[in-house]
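Remarks on the overall topology
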Amino acid sequence: MIGRLNHVAIVVPDLAAAAETYRSTLGADVSDPIDLAAHGVTTVFVVLPNTKIELLHPLGPNSPIQSFLDRNPSGGMHHLCYEVEDILAARDHLVAQGARVLGDGEPKIGAHDKPVLFLHPKDFCGTLVELEQR
Ligand code: CO
């Protein structure tokens, strides 16, 4: 059911420093910071030949990633995003398998203007999983 790894998201305490690490030390193709107010994050996209890395930093007082940064002050891997063909069919399959979908279970429009869902980390090897419709 899952397809390509769309991105790996990493929460960072200092977005400029993280972008510079990926740009200069690792020699990657790095975007300018983009504020995604609806998601409460500022993000920098690192484009790799086979996937993307998203560097995330909290934006605004109610950012959903602030508590992650509070628990992990030096940052860390936040989630993996897999592509699926049909997000509603994927959700229904997963729910039938006993997996927990976060929130109200309805897809939201994600950072790439495509429908996304998040799955409970306890059901997926301790990793928060995002599904994005292709
Ligand atoms: Co994501």
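Just above sits the structure.
The present account deals with the structure reproduced in this document. (Residues numbered from 1 in each chain as written. Predicted model: local features only at pLDDT ≥ 70, side-chain atom pairs only at ≥ 80, totals over all residues. Heavy atoms only, no water.)

So, on to the overall build of the chain. From N to C terminus, the chain includes 3 helices and 9 strands. Scanning the chain from its N terminus toward the C terminus, one meets helices and strands in the order β-α-β-β-β-β-α-β-α-β-β-β. In terms of overall size, the chain behaves like a compact globule, its C-alpha atoms giving a radius of gyration of 15 Å where 134 residues would be expected to give roughly 14 Å. Across the chain, contacts joining residues at least 24 apart in sequence account for 53% of those joining residues at least 6 apart. Total accessible area on the chain is roughly 7400 Å²; 55% of this is exposed by carbon and sulfur atoms. (Helix = DSSP H or I, 4+ residues; strand = E, 2+ residues; numbered from the N terminus. Rg over C-alpha atoms; globule rule 2.2 N^0.38 Å. Contact = heavy atoms within 4.5 Å. Areas by Shrake-Rupley, 256 points an atom, 1.4 Å probe, with all protein chains shown as cover.)

Now for the pattern of salt bridges. A full pass over the atoms with the stated rule returns 6 salt bridges. With its nearest N and O atoms 2.8 Å apart, the salt bridge here joins Asp-123 to Arg-100. Placement of the pair is Asp-123 in the loop between strand S8 (115-119) and strand S9 (129-133) and Arg-100 in the loop between helix H3 (87-96) and strand S7 (108-109), with a sequence separation of 23 residues. In this structure, Asp-104 engages Lys-108 in a salt bridge whose closest nitrogen and oxygen atoms are separated by 3.3 Å. For Asp-104, a relative accessible area of 56% gives the class exposed. Lys-108 sits in the partly exposed class, given a relative accessible area of 48%. (Salt bridge = Lys/Arg side-chain N within 4 Å of Asp/Glu carboxyl O. Buried < 20%, exposed > 50% of the residue type's maximum accessible area, 1.4 Å probe, protein only.)

Here the focus is the side chain of Thr-51. The residue Thr-51 is located in the loop between strand S4 (41-47) and strand S5 (52-58) in this model. Apart from residues lying up to four places away in sequence, Thr-51 is in contact with Leu-5, Asn-6, His-7 and Val-46.

Next up on the list: the environment of Pro-115. Within the element layout of this structure, Pro-115 appears in strand S8. Leaving out residues up to four positions away in the same chain, Pro-115 has contacts with Ile-87, Pro-107, Lys-108, Ile-109, Leu-131, Glu-132 and Gln-133.

The subject of this paragraph is the state of the cysteines. All chains considered together, the criterion is met by 0 disulfides. With no disulfide of its own, Cys-81 lies 16 Å from the sulfur of Cys-125, the closest cysteine sulfur. A residue is classified by how much of its surface remains accessible, and Cys-81, at 0% relative accessible area, is buried. (Disulfide = S-S within 2.5 Å.)

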